[in-house]
Amino acid sequence: MSSPTPSADGKAKSGSRRRFTVDALFTDGRPQAVGVTDLPTAKEIRLDRIVPDPAQPRRTFDPVRLEELAASIRLEGILQPIVVRYDDVDDIYVIVHGERRWRASREAGQKTIPAIVREVDEDHRLIQQLMENVVREDLNAIDRAQALRALKQQMDDASWENVAAAVGIRRSRLFQLLGTEKLPEPIQDDIRTGRLSEKQSRALQGLSTEAQ
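Residues numbered from 1 in each chain as written. Predicted model: local features only at pLDDT ≥ 70, side-chain atom pairs only at ≥ 80, totals over all residues. Heavy atoms only, no water.

Trainee: It is not clear to me how the overall build of the protein chain should be interpreted in this structure. Could you clarify?
Mentor: Each helix and strand in the protein chain was counted, giving nine helices and seven strands. Expressed as a percentage of the 212 residues in the protein chain, the buried residues total 35%. Looking at the protein chain alone, contacts between residues at least 24 apart form 65% of all its contacts between residues at least 6 apart. When the accessible surface of the protein chain is summed, it comes to about 13,900 Å², and 51% of that surface belongs to carbon and sulfur atoms. (Helix = DSSP H or I, 4+ residues; strand = E, 2+ residues; numbered from the N terminus. Buried < 20%, exposed > 50% of the residue type's maximum accessible area, 1.4 Å probe, protein only. Contact = heavy atoms within 4.5 Å. Areas by Shrake-Rupley, 256 points an atom, 1.4 Å probe, with all protein chains shown as cover.)

Structure, rendered in structure tokens:
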């Protein structure tokens, strides 16, 4: 066997070929891959294999805004994957986050949707959904108030102060949202449909039922 050939700096230089590990062969070394990790759970799933979560706190979907999102999807596609969990009993995927995008995709005539599959236990999943819905400003105040009450129950009937802290809103803001549930049903319907804003409804909350 021949000995290594000395280099100009005195260090031995091997005449053998450069060796690669198996991991190195499958590592993306391109500049755009630096700091990027592939998600093995990201999938393209047929819409007909996905169903909404019956426990989802959101109950109202503005048809106008849904059509606007559908129009955007027709032009640009889905810009953010939804999150689903796999139900092995019924062999379906259940939406954890992103029901609005799923609905709009159906309206847009899409056949599939990008989704991230996660395994989340039932209690943790509901808390995630509740927190997401409470902090979203595009959700009407009635649904947000109901989500707050459901979240309070999920937190073992925690104090309203703890509920407010959990979702990152002020205690005073929390009670403003809860106050909408005390309004007569016709006014609540106006809030759900967007005919009356939550801010406008505050002036009615201190009035008698007859005055409202």
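What follows picks up the thread again.
Trainee: Help me out: how do you make sense of the packing of aromatic side chains in this one?
Mentor: Each aromatic ring pair is described using two quantities: the centre-to-centre distance and the angle formed by the ring planes. Taken as a whole, this structure holds two aromatic pairs when the rule is applied. Centroid distance Tyr 86 to Tyr 93: 5.2 Å. Interplanar angle 50°. Geometry classified as tilted. Given the relative accessible area of 12%, Tyr 93 is considered buried. Between the NZ or CZ atom of Arg 103 and the centre of the ring of Phe 61, over which it lies, the distance is 4.3 Å. Just above the ring of Trp 102 sits the side chain of Arg 106; from NZ or CZ to the centre is 4.1 Å. (Phe/Tyr/Trp six-rings, centres within 6.5 Å; stacked < 30°, edge-to-face > 60°. Lys NZ or Arg CZ within 6 Å of the ring centre and 35° of its normal.)

Trainee: Whenever I open this one, the packing of helix 2 (residues 63-76) against helix 3 (residues 99-107) confuses me. Can you help?
Mentor: To characterise two packed helices, one gives the angle between the axes of the helices and the distance between these axes. Orientation of helix 2 relative to helix 3, taken along the N-to-C sense of each, is 65°, at an axis distance of 8 Å. By the angle between their axes, helix 2 is roughly perpendicular relative to helix 3. The two elements helix 2 and helix 3 cross, and the hand of that crossing is right-handed. Between helix 2 and helix 3, the contacting residues are Arg 65, Leu 66, Glu 67, Leu 69, Ala 70, Ile 73 and Arg 74 on the first element and Arg 100, Arg 101, Arg 103, Ala 104, Ser 105 and Glu 107 on the second. (Axes fitted to C-alpha atoms, helices over the stretch in contact; angles between N-to-C directions. Parallel < 35°, antiparallel > 145°, perpendicular 65-115°, else oblique. Left-handed = near helix turned anticlockwise from the far one by under 90°.)

Trainee: Help me understand the pairing of strand 7 (residues 112-117), please; the structure alone is not making it clear to me.
Mentor: When a strand is regular, its side chains alternate between the sheet's two faces. With five of six residues buried, strand 7 lies mostly within the body of the structure. Here five bridges tie strand 3 (residues 42-46) to strand 7, and the two strands are oriented antiparallel to one another. Within strand 7, the residue paired with Lys 43 across the bridge is Ala 115. Here strand 5 (residues 82-87) runs beside strand 7; their pairing, made up of three bridges, is parallel. Each residue of the ladder has a partner; that of Val 83, found in strand 7, is Ile 116. (Pairing = 2+ DSSP bridges.)

Trainee: Teacher, can you tell me more about the pattern of salt bridges here?
Mentor: Close approach of charged atoms allows side chains with opposite charge to pair. Under the definition given, this model contains twelve salt bridges. Residue Arg 46 is joined to Asp 48 by a salt bridge in which the shortest nitrogen-to-oxygen separation is 3.0 Å. The closest approach of N and O atoms between Arg 192 and Glu 185, which form a salt bridge, is 3.0 Å. Classification of Glu 185 as partly exposed rests on a relative accessible area of 42%. Members of the salt-bridge network, linked through shared partners, are Arg 173, Glu 198 and Arg 202. (Salt bridge = Lys/Arg side-chain N within 4 Å of Asp/Glu carboxyl O.)

Trainee: How should I be thinking about the packing of helix 6 (residues 160-167) against helix 7 (residues 171-179) in this particular structure?
Mentor: Two elements in contact, helix 6 and helix 7, have axes separated by 9 Å at closest approach and are oriented at 100°. As judged from the angle between their axes, helix 6 and helix 7 are roughly perpendicular. For the pair formed by helix 6 and helix 7, the contact residues are Trp 160, Glu 161, Val 163 and Ala 164 on the first element and Arg 171, Leu 174, Phe 175 and Leu 178 on the second. Here the residues of the contact of helix 6 with helix 7 are counted per class, giving six nonpolar, no polar and two charged. (Nonpolar A, V, L, I, M, F, W, Y, C, P; charged D, E, K, R; others polar.)

Trainee: Explanation requested: helix 3 in the structure shown.
Mentor: Note on helix geometry: an α-helix contains 3.6 residues per turn, so any two residues three or four positions apart are oriented the same way. Along helix 3, the residues that are buried comprise Glu 99, Arg 100, Arg 101, Trp 102, Ala 104 and Ser 105. Turning to helix 3, the residues buried within the fold contact strand 4 (50-51), helix 2, strand 5, strand 6 (92-97) and strand 7. With its phi angle positive at about 85°, Gly 109 sits one or two positions after the end of helix 3.

Trainee: For this particular structure, what's the right way to read the environment of Lys 199?
Mentor: Checked against the element boundaries, Lys 199 lands in helix 9 (residues 198-205). Sequence separation of Lys 199 and Ala 141 is 58 residues, and the distance between their C-alpha atoms is 9.4 Å.

Trainee: Mind showing me how you'd approach the confidence of the model for the protein chain here?
Mentor: Caution applies to low-pLDDT parts of the model: their predicted coordinates are not meant to be read in detail. Residues at a pLDDT of 70 or more form 72% of the protein chain, whose mean pLDDT is 79. Within the protein chain, strand 2 (residues 12-13) has the poorest average pLDDT of any element, 49, and strand 4 the best, 94. (pLDDT = per-residue confidence, 0-100.)

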